[in-house]
Amino acid sequence: MAVLDTAPLAAHTGASVVVERCQVCDHAPLSQVLFLGYLPPVNQMRTIGQLPREQPAYPALVLSCPRCSLVQLGLIVDKEILFPPDYPYTSGTTKILRDNFAELYEESQTIVSMGPQDLAVDIGSNDGTLLGNFQRGGHRVQGIEPSQVGNLANQRGIPTTIGFFGRALAEQTRKQHGPAKIVTATNVFAHIEHIHEIVESILLLMDENGVFVSESHYLLALVEMLQYDTIYHEHLRHYSLQSLQYLLQMHGLEVIHARRIPTHGGSIRVYAARAGAYPVRPSVGEILMNEAAAGLDAEHLRTFKDRVVQSKLELYGLLRDIKRHGHRVYGIGAPSRASTLINYVGLDDGILDCVLEIAGSLKIGKYMPGTLIPVMEESRLYKDQPEYVLLLSWHIADELIPKLRQKGYKGKYICPLPTPEIV
Ligand SMILES: [Zn+2]
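Please read all numbers here as calculations on a predicted model, not as lab measurements.

Q: I tried to follow the overall build of the protein on my own but got confused; where do I start?
A: Assigned secondary structure in the protein consists of 13 helices and 19 strands. For 423 residues, the compact-globule formula gives about 22 Å, and the C-alpha radius of gyration of the protein, at 22 Å, lands near that figure. When its C-alpha atoms are laid out on the principal axes, the protein stretches across 65 × 50 × 40 Å. A burial count over the protein gives 53% of its 423 residues as buried. Taking the intrachain contacts of the protein between residues at least 6 apart in sequence as the baseline, contacts between residues at least 24 apart amount to 70%. Within the structure as shown, the protein displays about 18,200 Å² of accessible surface, and the carbon and sulfur contribution to it stands at 53%.

Q: Sorry if this is basic, but what is going on with the pairing of strand β17 (residues 388-391) here?
A: When a strand is regular, its side chains alternate between the sheet's two faces. The two faces of β17 match: Y388 and L390 on one face and V389 and L391 on the other face are all buried. One ladder, built from four bridges, connects strand β14 (residues 329-332) with β17; its direction is parallel. For G331, the partnering residue across the bridge sits in β17 and is L390. After leaving β17, the chain enters helix α13 (residues 397-406) and then returns to the sheet as strand β18 (residues 412-415), a path that is right-handed.

Q: What am I meant to see in the coordination of the zinc ion here?
A: For the zinc ion, the full set of protein donor atoms is C22 (SG), C25 (SG), C65 (SG) and C68 (SG), and the range of their distances to it is 2.2 to 2.3 Å. One can describe the site at the zinc ion as tetrahedral: its four donor atoms subtend angles covering 100 to 116 degrees at the metal. All donors to the zinc ion come from one chain, and their sequence spacing reads C-x2-C-x39-C-x2-C. Separated by 43 residues along the polypeptide, C25 in the loop between β1 (16-18) and β2 (31-39) and C68 in the loop between β3 (58-64) and β4 (71-73) bring together distant segments of the chain. Per residue, the accessibility class of C25 equals that of C68, and both read buried.

Q: Would you mind going over the pattern of salt bridges with me for this structure?
A: Between side chains of opposite charge, pairing is possible as soon as their charged atoms come close. Scanning the model with the defined rule gives 19 salt bridges in all. With its nearest N and O atoms 3.9 Å apart, the salt bridge here joins R274 to E208. Of the two residues, R274 sits in strand β13 (residues 267-274) while E208 sits in strand β10 (residues 206-217), which places them 66 residues apart along the sequence. Put simply, E103, E107, E215, R259 and R269 are held in one network by salt bridges that share partners.

Q: Please clarify how the sheet that holds strand β16 (residues 375-377) should be interpreted in this entry.
A: Whether parallel or antiparallel, the strands of a sheet pair through hydrogen bonds between backbone atoms. Here six strands make up an open sheet; going across it, the order is β16-β15-β14-β17-β18-β19 and the pairing mixed. Edge positions in the sheet fall to β16 and β19 (421-422), since each of these pairs with one other strand and no more. Here helix α10 (residues 298-324) sits on the sheet and contacts β14, β17, β18 and β19; the angle it forms with β18, its principal contact strand, is near 155 degrees. Along the sheet, α13 contacts β14, β17 and β18; its crossing angle with β17, the most-contacted strand, is approximately 150 degrees.

Q: I keep staring at the nonpolar core and nothing clicks. Help me out?
A: One broad rule of soluble globular proteins: the nonpolar side chains tend to lie buried together. Of all hydrophobic cores here, the largest spans 106 residues; its most connected members are F189, Y228, L248, F304 and L391. Among the elements that make up this core, the one with the highest residue count is α10 (seven residues). Y105, V112, L130 and V213 belong to the second-largest nonpolar core, a separate cluster that totals 21 residues.

The rules behind each value
- The residue numbers shown here count from 1 along each chain, following its written sequence.
- The predicted origin of the model limits local features to residues at a pLDDT of at least 70 and limits the giving and counting of side-chain atom pairs to 80 or more, whereas totals for whole chains, interfaces and linings rest on all residues.
- The basis for every side-chain value is the complete set of non-hydrogen atoms in the structure, without hydrogens or water.
- A run of DSSP states H or I qualifies as a helix once it reaches four residues; a run of E qualifies as a strand once it reaches two. Both are numbered from the N-terminal end.
- For the radius of gyration, the atoms used are the C-alpha atoms, and the globule rule reads 2.2 Å times the number of residues raised to 0.38.
- Categorising residues by exposure relies on relative accessible area from a 1.4 Å probe, with only protein chains included: less than 20% of the type maximum marks a residue as buried, more than 50% marks it as exposed, and the intermediate range marks it as partly exposed.
- Only heavy atoms matter for contacts: two residues are in contact if any of them lie within 4.5 Å across the pair.
- Accessibility throughout is a Shrake-Rupley quantity obtained with a 1.4 Å probe, and a residue counts as covered only by protein chains that appear here.
- Two strands qualify as a pair provided DSSP detects at least 2 bridges between them.
- Note on handedness: a clockwise path from strand one over the helix to strand two, with the strands aimed away from the viewer, defines a right-handed crossover.
- Each metal's donors are the N, O and S atoms within 2.8 Å of it, or within 3.2 Å when it is Na, K or Ca, and because water is not part of the set, sites may look incomplete.
- Only four donors with every angle between 85 and 135 degrees are called tetrahedral; only four or six donors with opposite donors over 155 degrees apart and all others between 65 and 115 are called square planar or octahedral, in that order; all others are irregular.
- Salt bridge, as applied in this entry: a Lys or Arg side-chain nitrogen positioned within 4 Å of an Asp or Glu carboxyl oxygen.
- Axes here refer to lines fitted to C-alpha atoms; in helices the fit is confined to the stretch in contact. Angles between the N-to-C directions go from 0 to 180 degrees.
- What makes a nonpolar core is a set of buried Ala, Val, Leu, Ile, Met, Phe, Trp, Tyr and Cys residues whose side-chain atoms join them at distances within 4.5 Å.

Written out as structure tokens, the structure is:
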């Protein structure tokens, strides 16, 4: 295996590592795009009533590589800090995700036709929702999942190995089940530290005519919709097709098809195979051309920074006018991205009275990271009828607003991004 992961790893150090060279191509120095300040760890939330105490915060500096164009965070934090043992692993199987996975299966069969004996392996397979589609299609499936949620998949009849994917697990899986015709990895490539070992391990696992399908949050969607709130330490990298292609090419993989998909506020699905194994579809050239036209290099990303700053000021201005009238504002939803927005914009418990989560959420009864804003049950919304709500899961506003209205909320909705507005 080519030794490409040269930087020291943060994993198991209990600390963090500064990114001095590009995580993919090793180029230095990297260009600075945007600094969101120091962010507290998203998944360490204190119980309501506890006094604030010493707590770490990690710099969120966004960097861009002039050589391979990869956008990446300037600090890698040990995943044991980011995902403490009591971290509520959620399956995240919303309707939009379930539909997306069903559609991934259908689309993949137009590219690589699989027979009953062919194997599909999903890396980061969660509760097995994606593999369920391949299983119903009559193929053999195998999941690999680091968290205990993999047991849920096993109970549902989706065979799943619990463990961190890497060379050892790739070899073991191939030995036990044979090579995979399809390897999938959705929302994995942004999270894992030793990315080159992951790609090499996928190659190890893949049949000569195998296809690798990845889904990642898409840099162009981030820039277009000003989704700076997706920048936090769980996301080490934000991919464009160009930067993903660069990484895959380093390992002899060719991108054969790519498509934008709606999950997580805008993602990209990318198919790759060993160079020359499959024809390259026109979608690849088209998306690369769109990216070039939009400008995702360091120079163009400076405009992005200006827009982010402007958006922060506008949200502050809008909230100032509302608070001046003595109105209440409740936040809706406490996903990880809410913590970035709240901390970067500087919202506190004098501005946001509380953040509401659906009953059963493990975040209820805690404070939002870095603040004394309490997280409470959504039922309060209908009792209290605050004048305004701030949609912290604004990327699913179209789904959210009708639901809240139907359940009886009568106030107004603030959508914070891309342009803060009352909808
Ligand atoms: Zn690079």
